[in-house]
Amino acid sequence: MNDKINQGKLFDEQLSEEIKELFYHVDEDPILNKRRIFFDNAGGSLRLKKANDMFKKMDELPDCPEHSNYTAKWLLEVQEKASEDIRTIFNAKSGSIVTSLTASMAIFEMNRAIIENVPGSNVVTTALEHPSAYDSVVSYAGKMGKEVRVAKTNPVTGGVDVEEITKLVDKDTCLLSFIYASNISGAVLDVESIIRECRKIKPDLYIVIDSVQHTPHGVLDLEKTPVDGINFAPYKFFGTRGFGVGFMSERAAKLQHNKLIAKSVDEWELGSPVPSQFASISEIVNYVCWIGSKFINSNDRRELYVEGMNRINLHERALMYRMLNGSDKAEGLRNIKGVKVYLDYEDLSTRDFIMAVGFDNIGSIEAVAEYEKRGVIAFERVASSLYSSRMLNSFDIEGVVRVSPLHCHDVNDIDEFLKITKEISLLK
Ligand SMILES: Cc1ncc(COP(=O)(O)O)c(C=O)c1O
């Protein structure tokens, strides 16, 4: 593995400090009034101030965006501009936006529409899925009498190999539903190859991707990786809770789904619009473009967004490298005696910043409590939880401490975390 690629690239110190300032509560718990390092961003990310402030500002307005007064019309314009920003995130030129209260609800509806309406006697998914994708496949395939085929995980990469998926797909596959990046191992699947190889088997195969964990860490590109459904959760992407965003291709959007009869066949919005949630997403896109503008000159929003996400990815990779290998300031996770990194894979360009850590001296639930005592918030993913059992069992792992920082962290946060990890490893 090329170590230069593996090492990523940190933001310079000034940009790092500026970025930290743009997020709420990076360094403190405002309830306990105590310093803390929040490394549970996979469960809900640190909030971009402007995204939250914009949500509040817009939501103060009672005006109905579908009515005719000036401010109502203005709200609708804000929402329409934000819809373009959602397309910028996905690089989607056609198709329909799907919104819901959660990303789970969005993927249930997208998978339902396909499984219930597209011919084919089997549905393919993977053992690495979040229950929202997996259970929607099992539920609707069961209802329609379709076979469910589940691709195996790879315990070395922490992901799912392309061939494990292609060998399950055939001409009778109605839908392939798979995860972009694992919320347990951080492994990013080879989405481009999976789509290409599966469509060699069935050119018009319907494909849905759960990109909830990948969206905050990397670029999505439906032009390069055309799929029929994809989603993200704004609350894991620097934004607000209470909103799930999805996207459906033109052909998938027309499949039978819940809608008002008089609306067009590809309309997936149901009920009153929520301009505040949309406006908040525009602030996220503004922010990522702002990072991009620090590195390139462009007036093209997508170009700036891609550059910003790539820079976020490189900074996180550099932090990941330091967390694993350490520095002269602190030993890395790979070197601390009594600490194990599960599903640790050499090529960091295939990882999002989510790590599964274990201790020889204590279990993962206890370790999370010890971290909290020392001001670090992480989360246990254990085989007894419905949210992680299938994935962990597939790797034969009982439980891990999931550590998930964000790009607004810096090397000092990583070093402090490593020192605390060493301290925990020495507990009797
Ligand atoms: C990979 C993945 N998909 C889907 C979801 C569900 O998101 P939501 O909580 O918005 O339903 C999560 C939440 O943790 C997730 O990690």
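Computed from a predicted model, the values in this text were never measured in an experiment.

Rules used in this analysis
- Residues numbered from 1 in each chain as written.
- Predicted model: local features only at pLDDT ≥ 70, side-chain atom pairs only at ≥ 80, totals over all residues.
- Domains from an automatic or database assignment.
- Contact = placed C-beta atoms within 7 Å.
- Helix = DSSP H or I, 4+ residues; strand = E, 2+ residues; numbered from the N terminus.
- Nonpolar A, V, L, I, M, F, W, Y, C, P; charged D, E, K, R; others polar.
- Axes fitted to C-alpha atoms, helices over the stretch in contact; angles between N-to-C directions.
- Parallel < 35°, antiparallel > 145°, perpendicular 65-115°, else oblique.
- Left-handed = near helix turned anticlockwise from the far one by under 90°.
- Pairing = 2+ DSSP bridges.
- Buried ≥ 20, exposed ≤ 12 C-beta atoms within 10 Å, placed from the backbone.
- Expected span 1.5 Å × (residues − 1).

Section: the domain arrangement of the protein chain
Phase 1: When its domains are assigned, the protein chain resolves into domain 1 (3-48 + 300-425) and domain 2 (53-285).
Phase 2: Each of domain 1 and domain 2 was reduced to a C-alpha centroid, and the two centroids are 26 Å apart.
Phase 3: Between domain 1 and domain 2, the contact holds 33 residues from the first and 33 residues from the second.
Phase 4: Within the residue set of the side of domain 1 that touches domain 2, elements represented by two or more residues are α11 (301-325), β12 (355-359) and α13 (389-395).
Phase 5: Ranked by residue count, the leading element in the side of domain 1 that touches domain 2 is α11, at nine residues.
Phase 6: Of the residues contributing to the side of domain 1 that touches domain 2, the split by class is 17 nonpolar, seven polar and nine charged.

Comments concerning the packing of helix α3 (residues 49-59) against helix α10 (residues 275-293)
Phase 1: Put simply, α3 and α10 touch, their axes get as near as 8 Å, and they point 155 degrees apart. Comparing their axes, α10 and α3 come out roughly antiparallel. With respect to the hand of their crossing, α3 and α10 are arranged in right-handed fashion. Listed contacts from α10 to Lys50, Ala51, Met54, Phe55, Met58 and Asp59 of α3 are Pro275, Ser276, Gln277, Ala279, Ser280, Glu283, Ile284 and Tyr287.
Phase 2: Looking at the contact of α3 with α10 residue by residue, the classes come out as eight nonpolar, three polar and three charged.

A few points about the sheet that holds strand β8 (residues 206-210)
Phase 1: Strands sit in the order β4-β10-β9-β8-β7-β5-β6 across an open sheet of seven strands; the sheet is mixed. Every other strand in the sheet has two partners, leaving β4 (96-100) and β6 (147-151) as the edge strands with one partner each. When strand polarity is set aside, the average angle formed by the axes of neighbouring strands in this sheet is 20 degrees.
Phase 2: As paired elements, strand β9 (residues 229-232) and strand β10 (residues 244-248) share four bridges and run antiparallel to each other. Paired with Phe232 across the two strands is Val245, which belongs to β10.

What about the environment of Gly246?
Phase 1: By secondary structure assignment, the location of Gly246 is in strand β10.
Phase 2: Judged by the 25 C-beta atoms lying within 10 Å of it, Gly246 falls in the buried class.
Phase 3: Remark: the alpha-carbon pair of Gly246 and Met105, spanning 141 residues in sequence, is separated by 9.6 Å.

Regarding the packing of helix α5 (residues 103-117) against helix α6 (residues 131-144)
Two measures define how a pair of helices packs: the angle their axes make with one another and the distance between the axes.
Phase 1: The contact between α5 and α6 brings their axes to 9 Å, and the two run at 30 degrees. With respect to each other, α5 and α6 are oriented roughly parallel. Crossing angle aside, the handedness with which α5 passes α6 is right-handed. Each of Ala103, Ser104, Ile107, Phe108, Asn111, Arg112, Ile115 and Glu116 in α5 lies in contact with α6, whose residues at this interface are Ser132, Ala133, Ser136, Val137, Tyr140, Ala141 and Met144.
Phase 2: Its residues assigned to classes, the contact of α5 with α6 comprises nine nonpolar, four polar and two charged.

What to know about α6
Phase 1: Its 14 residues place the ends of α6 19 Å apart at the C-alpha level, agreeing with the 20 Å of an ideal helix rising 1.5 Å per residue.
Phase 2: Considered for burial, the residues of α6 that qualify are Ser132, Ala133, Tyr134, Ser136, Val137, Tyr140 and Ala141.
Phase 3: On the buried face of α6, the contacting elements are α5, β5 (122-126), β6, β7 (173-179), β8 and α13.
Phase 4: Of the residues trailing α6, Gly145 is marked for its positive phi of about 70 degrees.

Considering the pairing of β7
Phase 1: The buried fraction of β7 is high, at seven of seven residues.
Phase 2: Direction of pairing for β5 relative to β7: parallel, over a ladder of three bridges. Bridged to Val124 within β7 is Leu176.
Phase 3: Bridge count for β7 against β8 is five bridges, and the pairing is parallel. Paired with Phe178 across the bridge in β8 is Ile209.

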